[in-house]
Amino acid sequence: MRTETRIQLFFRYLELIFYKTYADLRAETERTYLGFMWWIFEPIMYMSIFYVMFGILLGHRTDDYVPFLLVGLTIWQWFKSCLSHASETILGAHFLMKHVNLPKIIFPIILILTDTVKFLFIFTLLLAFLWLRGYQINEYYWALPVLFFVQLLLITACSLILAAIVPFLPDLRFVVENVLTAVFFMSGVFLDVSKLPHVLDFHKQLYYLNPMVNLIEDFRNVLMYNRSPDWQALAIISIFSLLGIWFGKYLIQKFEYVYPKVMP
Amino acid sequence: MTTEIITNQEVQQKHELIMSLKNVGLSYRRKRGVFGEEFWALKDVSFDLYQGDTLGIIGRNGVGKSTLLRLMAGIMQPSHGQLINTGYQASLLSLQLGFIYYLSGRENAILSGMFMGLRKREILKRMDSIIEFAELGDFIDQPIATYSSGMLARLGFSVAFQVDPDVLLIDEILGVGDAEFYQKSTKVMQEKIHSNKTIVFVSHHAALIQQLCNRVVWIENGVSRMAGDTRTVLAEYHKFLHLESAA
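Described in the following lines is the structure provided in the data block. Keep in mind that what you see is a predicted model, and the values were worked out from it rather than measured.

## A few points about the interface of chain B and chain A
With 38 residues of chain B at the interface, the matching set in chain A holds 34 residues. Carbon and sulfur atoms make up 59% of the area that chain B and chain A hide from each other, which totals about 3,300 Å². Close ionic contact of R119 of chain B with E15 of chain A constitutes a salt bridge, the shortest N to O distance being 2.9 Å. Tallying contributions element by element places helix α3 (residues 105-115) of chain B first for the side of chain B that touches chain A, with five residues. Residues that form the side of chain B that touches chain A fall into these classes: 18 nonpolar, 10 polar and 10 charged.

Here it is in structure tokens:
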């Protein structure tokens, strides 16, 4: 008789999560001729488009608009790709979970890890771009790991909740994509709403309820303006994210044995 | 509804009880949405599984045999009734589980083994015997996208065969691959079944059940009609089939 203790089980699943993340990343690189070089080329292409568009064609070559935009896009892209991919994970693992009993929570976690590894590549490129443009490493860089961690908490919370619900409401997938686009325009990727004239204070406060507004602004503060991030906002985001993670985990565990019965 | 015939009571008392099902039922929702009607894949199933048993589950197509295995594997939970597992690990024999097309045979063996409950180091330890049994040689480090369907089947079987749960649940599959490998895989599988392992074997093939199993549960329309020693249950099953076809 082989009964695993909770700790043994935990480590077995952890090993599985890491190996599957590695396998998914490797499979992605094996699919193309250039392999993992695409993790570098793709963001370069993506960033170049914005550079040409705004930096050259719209004449923002000298001011800091292009770096401003690219920081926002990079940070947003991490959040967006995790959420839109994670919402499909439990549904997508349908075949697997009909054959083996696994905690379903591992599927969104694997996705978050894969997308985060890819983000780290893009972020390194962003740093290189910023340094080339003359932005220097400053004393607030030590806050970057904290910013990463807080955003990872936020991503995990949203991803778990989405992954938990989408199997029952697959129609939600279409809504998620559009809501993400809407939030994208409300997250200050393109412009700093707080600096616009004629904005009511009340609207400004509403605007800052969006956690991504705060995170993107904090990243910009650290990377471009040598300013400290807003610790109070980060603390609030962390608390709500932890609650969200708890809720998502609760939902997934509640439906642990229902998911294998749901039609894909 | 179930008639439990205990002919070899002494044998059963000597062996430990592994799993016990009492009036187990399981329902799915047939359609999406609020108005999806319920569909009972299993209605009332009762039987016990003892250590060292080779238990056959027989029944016609679509009577809920595969669902029953999923219940026993802990993948689903009964909608009503009771399933007691006294603490053993039961898993389905699944071939090519979690295989990723673009990865090598070796990586897929590790991944698939881990999905089925092995630790990475356990798979690495058995890698040589997996490669040897699958007759893959140097191909093991090639992406499985380049494999023939026969090679893929051999790799899938060799990995799945390494997984050694307390209770092995087999859904129809005994052997796979071309004629030669089919014989080889069927042979090792039958050896495993004949060993002292606890096995649950699902089939609609009475001859196979007769050959392999010491006890049989007969499922009809989601209900366990009878559980007991192979000969008695199969005889009743045949009688039933005969009546059905006559009617």
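## Section: the nonpolar core
By size, the foremost hydrophobic cluster in this structure holds 78 residues, and its most contacted members are L102 of chain A together with I58, L155, F157, I170, M189 and F201 of chain B. For this core, the element with the most residues is helix α5 (residues 149-162) of chain B, which contributes eight residues. Not counting residues within four places of it along the chain, the set of residues in contact with I58 of chain B comprises K65, S203, H204, H205, A206, I209, V216, V217, W218, I219, L234 and Y237 of chain B. Core analysis: the second largest hydrophobic core is formed by 48 residues, M47, I112, F184 and V189 of chain A among them.

## A few points about the pairing of strand β9 (residues 215-220) of chain B
All names here are of chain B. Counting buried positions over the six residues of β9 gives six, a clear majority of the element. The side-chain alternation of β9 yields two buried faces, one formed by R215, V217 and I219 and the other by V216, W218 and E220. Taken together, the four bridges between strand β4 (residues 54-58) and β9 define a ladder with parallel strand orientation. Bridging from a neighbouring strand, G56 pairs with V216 of β9. Judged from the six bridges that link them, β9 and strand β10 (residues 223-229) form a sheet pairing that is antiparallel. If you follow V216 over to β10, its bridge partner there is G228.

Reading guide: rules and limits
- Residues numbered from 1 in each chain as written.
- Chains lettered and ligands numbered in written order.
- Predicted model: local features only at pLDDT ≥ 70, side-chain atom pairs only at ≥ 80, totals over all residues.
- Heavy atoms only, no water.
- Contact = heavy atoms within 4.5 Å.
- Buried area = accessible area lost by both parts, 1.4 Å probe.
- Salt bridge = Lys/Arg side-chain N within 4 Å of Asp/Glu carboxyl O.
- Helix = DSSP H or I, 4+ residues; strand = E, 2+ residues; numbered from the N terminus.
- Nonpolar A, V, L, I, M, F, W, Y, C, P; charged D, E, K, R; others polar.
- Core = buried A, V, L, I, M, F, W, Y, C linked by side-chain atoms within 4.5 Å.
- Buried < 20%, exposed > 50% of the residue type's maximum accessible area, 1.4 Å probe, protein only.
- Pairing = 2+ DSSP bridges.

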